[in-house]
Amino acid sequence: MSRTVIHGGLVVTASDELHADVLIEGGRIAALAAHGTDAAESWTADRSIDATGKYVIPGGVDAHTHMEMPFGGTYAADTFETGTRAAAWGGTTTIVDFAIQSVGHAVREGLDAWYAKADGKCAIDYAFHMILSDVNESSLKEMDLLVSEGVTSFKLFMAYPGVFYSDDGQILRAMQRAAGNGGLIMMHAENGIAIDVLVEQALAAGRTDPRYHGDVRKVALEAEATHRAIQLARVAGSPLYVVHVSADEAVAELAAARHKGLPVFGETCPQYLFLSTDNLAEPDFEGAKYVCSTPLRPKEHQEALWRGLRNNELQVVSTDHCPFCFSGQKEMGRGDFSKIPNGMPGVENRMDLLHQAVVEGRISRRRWIEIACASPARMFGLYPKKGTIAPGADADVVIYDPHAEQTISAETHHMNVDYSAYEGKRLTGQVDTVLSRGEVVIDQRKFTGRAGHGMYTPRATSQYLD
């Protein structure tokens, strides 16, 4: 059984910071001991990694990715192979992707299709949520079966009529089912019926540029849908997790529900924390690069999101990684913003961008690890196997250099997409070495992993709700 010792680093978890050496044995964390103590000095190992002057942190858990996702007549540009490799470069060692049930088809059929897409392709460990596009008696029964085999969260859409949309009755039924089987309902909260009217009116008036994508997807329609989802969950007696929260009014709805003691949780994404409608308004159709839903908001919303992360009104930062190339994919919407594929790349940038927030004093080091590693692992039934550095946990470990300087660019990133949403942004901090279940997949900024190392990981029910 191979043994690795990581010595000399500052171990940072959601709850602790300590100068400790870490012993890894057989793909798991075997022990921690204070650096320089007899216990640490007595360890022998096949491999020794010097982390002096660096952080030793849990591998990131990105609980919201869309590899190879079909959307608007095309597919997300990252495959499970390219996307998980890019994730590893960015210090993420587990993704939870979304399998999709198509309307008129069994839930199982959609899940099996995603198992097949990912099998043998992933560089890091992975799990699945299930998108329910067709809530009926049969799919409700299938929810119970999926929970029993470790697919314990289900995403519903109040947006995209005719594609993923569920009405309030379907949402209520799915929430009632989840209340009984321990599943967690994830909600895309935007009033899609109203948005479609505004899209139609904007196009008819000749407002076709990418910036109008943000204009028609009103803050009020995100807040209204968030409020409605919370009330439906309250009636059903079920927990609720609202994905990609982008606006101050939606945060306020979550905060109000949580103050009432309701099991309501929220996620935001780096694009809402660092980008804005200024990007959507970039000239020469460049704004198309930033089309995603929920949309980017005016800059003043960012402070509400950061405040929500600091005071735990928002618990998780995921990427909603769904990349489409500018050339040939985003360009499908020239002359009609509604035809621009919705989605942005980001799986490689999340840990670094959030570390920049630590550098700037927006969040603490421990909160960085909490929102990027521990909370998503707890929320989706992966903790303490994932999301922490503790005896018995999987040895998903990142050696992070907090002093390295880097500039984000499409020229140097590893995502399979022809632009970066953060092109030219200078950051302090960079991933140095990454271990996935004890195997080195990034070795001092060199990729040493392989497709097929990543294992499918069944999940328990949400640990926030026990």
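As a reminder, the structure under discussion sits directly above these lines.
Reference entry: report on the structure contained in this document. The residue count restarts for each chain, going from 1 along the sequence in the order it is written. Only residues with pLDDT of at least 70 are given local features in this predicted model, and only at 80 or more are side-chain atom pairs given and counted; all residues enter the totals for whole chains, interfaces and linings. Side-chain calculation: all heavy atoms of the structure are included, whereas hydrogens and water are not.

Remarks on the sheet that holds strand β12 (residues 153–157)
In sheet architecture, strand pairing relies on hydrogen bonds along the backbone and comes in two forms, parallel and antiparallel. The condition is simple: DSSP calls a pair of strands paired once it identifies at least 2 bridges connecting them. Helix and strand definitions here come from DSSP, where helices need a minimum of 4 consecutive H or I residues and strands a minimum of 2 consecutive E residues; each element is numbered from the N-terminal end. Only heavy atoms matter for contacts: two residues are in contact if any of them lie within 4.5 Å across the pair. The axes used here are C-alpha line fits, helices contributing only the stretch in contact, and every angle between their N-to-C directions lies in the interval 0 to 180 degrees.
Spatial strand order, β7-β10-β11-β12-β13-β14-β15-β16: 8 strands in an open sheet with parallel pairing. This sheet does not close on itself; its edge strands, each paired only once, are β7 (60–65) and β16 (316–317). Where β7 meets strand β10 (residues 92–100), 4 bridges bridge the pair, whose relative direction is parallel. Each bridged residue has a counterpart across the sheet, and for Val 61 the counterpart in β10 is Thr 94. The strands touched by helix α13 (residues 350–359) are β7, β10 and β16; relative to β7, the strand with the most contacts, the crossing angle is about 115°.

With respect to helix α5 (residues 168–181)
Put simply, the rule reads: What a helix is expected to span follows from its residue count: subtract one and scale by 1.5 Å. When a residue's accessible area, from a 1.4 Å probe over protein chains only, is under 20% of the maximum for its type it is buried; when over 50% it is exposed; and in between it is partly exposed. By definition, the arc is the one covered by directions from the helix axis to the C-beta atoms. In protein, a polar contact means a hydrogen-donor-capable atom and an acceptor-capable atom, both N or O and within 3.5 Å, with residues adjacent in sequence counting only if both atoms are side-chain atoms; elsewhere, any N or O pair within 3.5 Å suffices.
Look at α5: 20 Å from first C-alpha to last across 14 residues, which is about the 20 Å you get at 1.5 Å a residue. Among all positions of α5, only Ile 171, Ala 174, Met 175, Ala 178 and Asn 181 are buried. Projected down its long axis, α5 shows its buried positions confined to an angular sector of 135°, all on one face. Buried residues along α5 sit against α4 (137–148), β12, β13 (184–188), α8 (219–236) and β14 (240–242). N-cap assignment for α5: the residue whose side-chain oxygen lies 3.0 Å from the backbone N of Gly 169 is Asp 167.

Quick look at the packing of α8 against helix α9 (residues 248–259)
Put simply, the rule reads: Any angle that is under 35 degrees is reported as roughly parallel, and any over 145 degrees as roughly antiparallel; angles of 65 to 115 degrees are reported as roughly perpendicular and all others as oblique. The hand of a helix crossing depends on one turn: near helix anticlockwise from the far one by less than a right angle means left-handed, and clockwise means right-handed. Three categories are distinguished: nonpolar for Ala, Val, Leu, Ile, Met, Phe, Trp, Tyr, Cys and Pro, charged for Asp, Glu, Lys and Arg, and polar for the others, with Gly belonging to the last.
At a closest axis distance of 7 Å, the pairing of α8 and α9 adopts a crossing angle of 20°. Taken together, the axes of α8 and α9 lie roughly parallel to each other. α9 is crossed by α8, and the crossing has right-handed handedness. Residues Val 219, Ala 220, Glu 222, Ala 223, Thr 226, His 227 and Ile 230 of α8 touch α9, and the partners they reach there are Asp 248, Glu 249, Ala 250, Glu 253, Leu 254 and Ala 257. The residue inventory of the contact of α8 with α9, partitioned by class, reads 7 nonpolar, 2 polar and 4 charged.

Concerning unusual backbone geometry
That bond from Ser 293 to Thr 294 is cis: its omega, -5°, falls within 30 degrees of zero. Here Thr 294 is to be found in the loop between α11 (277–280) and α12 (301–310). In this structure, the amide linkage connecting Tyr 383 to the following residue, Pro 384, adopts the cis form with an omega of 0°. Positive phi, normally seen in glycine, also occurs at Tyr 160, with a value near 60°. When you line up the elements, Tyr 160 lands in the loop between β12 and α5. Located in the positive-phi region is Asp 320, a residue other than glycine, with phi close to 55°. Its place among the elements puts Asp 320 in the loop between β16 and α13.

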